[in-house]
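Inside the fold
Each chain, written out:
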Amino acid sequence: MGQLTTHILDIMSGKPAAGVKVEVFAVDGDGRERLAMAVTNQDGRCEKPLLADSAFGAGTYELLFHVGDYFAAGGAAQSEPPFLDVVPVRFCVADAERDYHVPLLVSAYAYSTYRGS
């Protein structure tokens, strides 16, 4: 079975983003269900896969990265309220036998993601 993992890189500082809350939701029609929550470690990664084995299947998912609190705690210059508070990334899993790595590259004013390996 495949798994879902992530990591976050603070591109303002060029360092991993530690202490960021990450939530995972299954999305179905107009509704969604929270499946997992984790906080990134000093390497900007979650200690274990967000979803794995039978908990990870084909379908639509949404990751919520709570970056506003991270940048506020680090003293980053931000607007009030912050331009980016919670960054949503919605994606589809076609083959749950494969690994899906969905990283976030983020600053207080921009973000990017991709399907990693």
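Structure shown above.
Residues numbered from 1 in each chain as written. Predicted model: local features only at pLDDT ≥ 70, side-chain atom pairs only at ≥ 80, totals over all residues. Heavy atoms only, no water.

With that settled, consider the packing of aromatic side chains. Within the structure shown, the criterion is met by five aromatic pairs. Geometrically, the ring pair formed by F83 and Y109 is stacked, given 6.0 Å between the ring centres and 20 degrees between the ring planes. On the criterion of sequence distance, the pair formed by F83 in the loop between helix 1 (67-73) and strand 8 (86-93) and Y109 in the loop between strand 10 (104-106) and strand 11 (111-113) is long-range, its members being 26 residues apart. For Y109, a relative accessible area of 43% puts it in the partly exposed group. By the ring-pair criterion, three or more aromatic residues cluster together here, those being F56, Y61, F91 and Y100. One cation-aromatic arrangement involves R115 over Y100; the distance from NZ or CZ to the ring centre is 3.7 Å. (Phe/Tyr/Trp six-rings, centres within 6.5 Å; stacked < 30°, edge-to-face > 60°. Helix = DSSP H or I, 4+ residues; strand = E, 2+ residues; numbered from the N terminus. Buried < 20%, exposed > 50% of the residue type's maximum accessible area, 1.4 Å probe, protein only. Lys NZ or Arg CZ within 6 Å of the ring centre and 35° of its normal.)

For the rest of this paragraph, the subject is the side chain of E23. Tracing the sequence through the fold places E23 in strand 4 (residues 21-28). A residue is classified by how much of its surface remains accessible, and E23, at 8% relative accessible area, is buried. Only 2.8 Å separates the side chain of E23 from the side chain of R34, close enough to count as a polar contact. The contacts of E23, once residues within four sequence positions are left out, are R34, A36, M37, E62, L63, L64 and H66. (Polar contact = N/O pair within 3.5 Å; in protein donor to acceptor, adjacent residues only side chain to side chain. Contact = heavy atoms within 4.5 Å.)

What follows concerns the pairing of strand 8. By the alternation rule, side chains of strand 8 split into V87, V89, F91 and V93, which are all buried, and V86, P88, R90 and C92, of which none is buried. Here strand 7 (residues 59-66) runs beside strand 8; their pairing, made up of eight bridges, is antiparallel. What sits directly across from T60, in strand 8, is C92. (Pairing = 2+ DSSP bridges.)

Spatially, the three strands line up as an open sheet ordered 6-1-9, and their pairing is mixed. The sheet terminates laterally at strand 6 (51-52) and strand 9 (100-101), the two strands that pair on one side only. Of the strand pairs in this sheet, strand 1 (residues 3-5) and strand 6 are connected by two bridges, and their pairing is antiparallel. Residue Q3 lies in a different strand from strand 6, and its bridge partner there is A52.

Let us look at the pattern of salt bridges. The tally for this structure, following the rule as stated, stands at four salt bridges. The partner of D43 in a salt bridge is R45, with the nearest N and O atoms 3.2 Å apart. With its nearest N and O atoms 3.4 Å apart, the salt bridge here joins R90 to E62. With R90 in strand 8 and E62 in strand 7, this residue pair connects regions lying 28 residues apart in the sequence. Residues joined by salt bridges that share partners form a network here, namely R32, E62 and R90. (Salt bridge = Lys/Arg side-chain N within 4 Å of Asp/Glu carboxyl O.)

Turning to the environment of A96, a few remarks are in order. Positionally, A96 belongs in the loop between strand 8 and strand 9. For the pair formed by A96 and A58, sequence separation is 38 residues and the distance between their alpha carbons is 5.3 Å. Setting aside its immediate chain neighbours within four residues, A96 contacts M1, G2, F56, G57 and A58.

Shape descriptors only; they carry no functional weight alone.
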